[in-house]
Amino acid sequence: TAYIALKVGDRVSLFAFDSKPRLSSGSVSNPRSFALLQSLAGRLDYSSEETNYTLALSTLATRLDRRSLIVMLTEIADPTSAELMVQAISRLLSRHLLLFIVLRDSELEDIAGAEPQEVEDVTRAVTAAALLRERQVVIARLRQLGVYVIETRHEQVSHALVQAYFDLKKRNLL
């Protein structure tokens, strides 16, 4: 999506965080700069540190000098961090457009939908279903705030993201 945005003349930057901001590429506007973004993204690794949405998104907001599309890829881990995330996101929406990518959790979906064979399977299914419901509550709150949410499987993220980008462009929201 970054490459396509650069090709159509938009500016792109990469910003990554966990407990604190870890990477900020600065804005680039030339398709040849895509290699730099790829290189920076390739340096990112998974982190076990708790995500601090408040710090990261307030830091990001101070670095954006014009209305921007913010594409956010994250997990909805628990209700407490989800609430903090929603609050931090809501502060960005007065000025920016937010596209939120949520990866579907096929493992949880499979557990919740499986035919129980043993007593423990019922407990697992009930817990998985509760986690999926909590997730849907967060997604519904984000949509009510005006966030564009894509919920998709990991193998379909690229296609869904490019499609959403073109849809937002076509609707003159960017």
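Up top is the structure these notes are about.
Residues numbered from 1 in each chain as written. Predicted model: local features only at pLDDT ≥ 70, side-chain atom pairs only at ≥ 80, totals over all residues. Heavy atoms only, no water.

Brief notes about the overall build of the chain
Then, in step 1: The helix and strand inventory of the chain stands at 7 helices and 5 strands.
Then, in step 2: Mapped in sequence order, the helices and strands of the chain form the string α-β-β-α-α-β-α-β-α-α-β-α.
Then, in step 3: The principal-axis extents of the C-alpha atoms in the chain amount to approximately 60 × 35 × 30 Å.
Then, in step 4: Expressed as a percentage of its 174 residues, the buried residues of the chain come to 33%.
Then, in step 5: Pairs at least 24 apart in sequence give 68% of the contacts found in the chain among residues at least 6 apart. (Helix = DSSP H or I, 4+ residues; strand = E, 2+ residues; numbered from the N terminus. Buried < 20%, exposed > 50% of the residue type's maximum accessible area, 1.4 Å probe, protein only. Contact = heavy atoms within 4.5 Å.)

Re the packing of aromatic side chains
Then, in step 1: Following the criterion strictly, the structure yields 4 aromatic pairs and no others.
Then, in step 2: Ring geometry for Y3 versus F34: centroids 5.4 Å apart, planes at 65 degrees, classification edge-to-face. Here Y3 is found in helix α1 (residues 2-7), whereas its partner F34 is found in helix α2 (residues 34-42), with 31 residues between them in sequence.
Then, in step 3: Judged by relative accessible area, F34 falls into the partly exposed class, the value being 22%.
Then, in step 4: Their ring planes at 80 degrees and their centres at 6.0 Å tell us that F17 and Y53 sit as a pair that is edge-to-face. With F17 in strand β1 (residues 15-17) and Y53 in helix α3 (residues 53-63), this residue pair connects regions lying 36 residues apart in the sequence.
Then, in step 5: Accessibility expressed as a relative area gives 5% for Y53, which makes it buried.
Then, in step 6: Aromatic rings pair up to connect F15, F17 and Y53 into one cluster. (Phe/Tyr/Trp six-rings, centres within 6.5 Å; stacked < 30°, edge-to-face > 60°.)

What about the sheet that holds strand β4 (residues 97-103)?
Then, in step 1: Read from one edge of the open sheet, 3 strands run β3-β4-β5, paired in parallel fashion. One side of each edge strand has no neighbouring strand; the edge strands of this open sheet are β3 (69-73) and β5 (148-152). Looking at each pair of strands side by side, their axes are set apart by 15 degrees on average, direction ignored.
Then, in step 2: Pairing of β4 with β5 involves 5 bridges; the strand directions are parallel. The residue of β5 that forms the bridge with I101 is I150. (Pairing = 2+ DSSP bridges. Axes fitted to C-alpha atoms, helices over the stretch in contact; angles between N-to-C directions.)

Some thoughts on the pattern of salt bridges
It is possible for side chains of opposite charge to pair when their charged atoms get near one another.
Then, in step 1: A full pass over the atoms with the stated rule returns 8 salt bridges.
Then, in step 2: Across the salt bridge formed by E83 and R141, the nearest N and O atoms sit 2.4 Å from each other. One end of the pair, E83, is in helix α4 (residues 79-92); the other, R141, is in helix α6 (residues 119-145), and 58 residues separate them in sequence.
Then, in step 3: Relative accessible area serves as the criterion here: at 30%, E83 is assigned to the partly exposed category.
Then, in step 4: One salt bridge in this structure joins R171 and D167, with 3.1 Å as the shortest N-O distance.
Then, in step 5: Owing to a relative accessible area of 31%, D167 belongs among the partly exposed residues under this scheme.
Then, in step 6: One salt-bridge network, held together by shared partners, links D18, R22 and E49. (Salt bridge = Lys/Arg side-chain N within 4 Å of Asp/Glu carboxyl O.)

Digging into the environment of S81
Then, in step 1: Within the secondary structure, S81 sits in helix α4.
Then, in step 2: Looking at S81, the relative accessible area reads 11%, which means it is buried.
Then, in step 3: Along the backbone, S81 and Y53 are 28 residues apart, and their C-alpha atoms lie at a distance of 8.1 Å.

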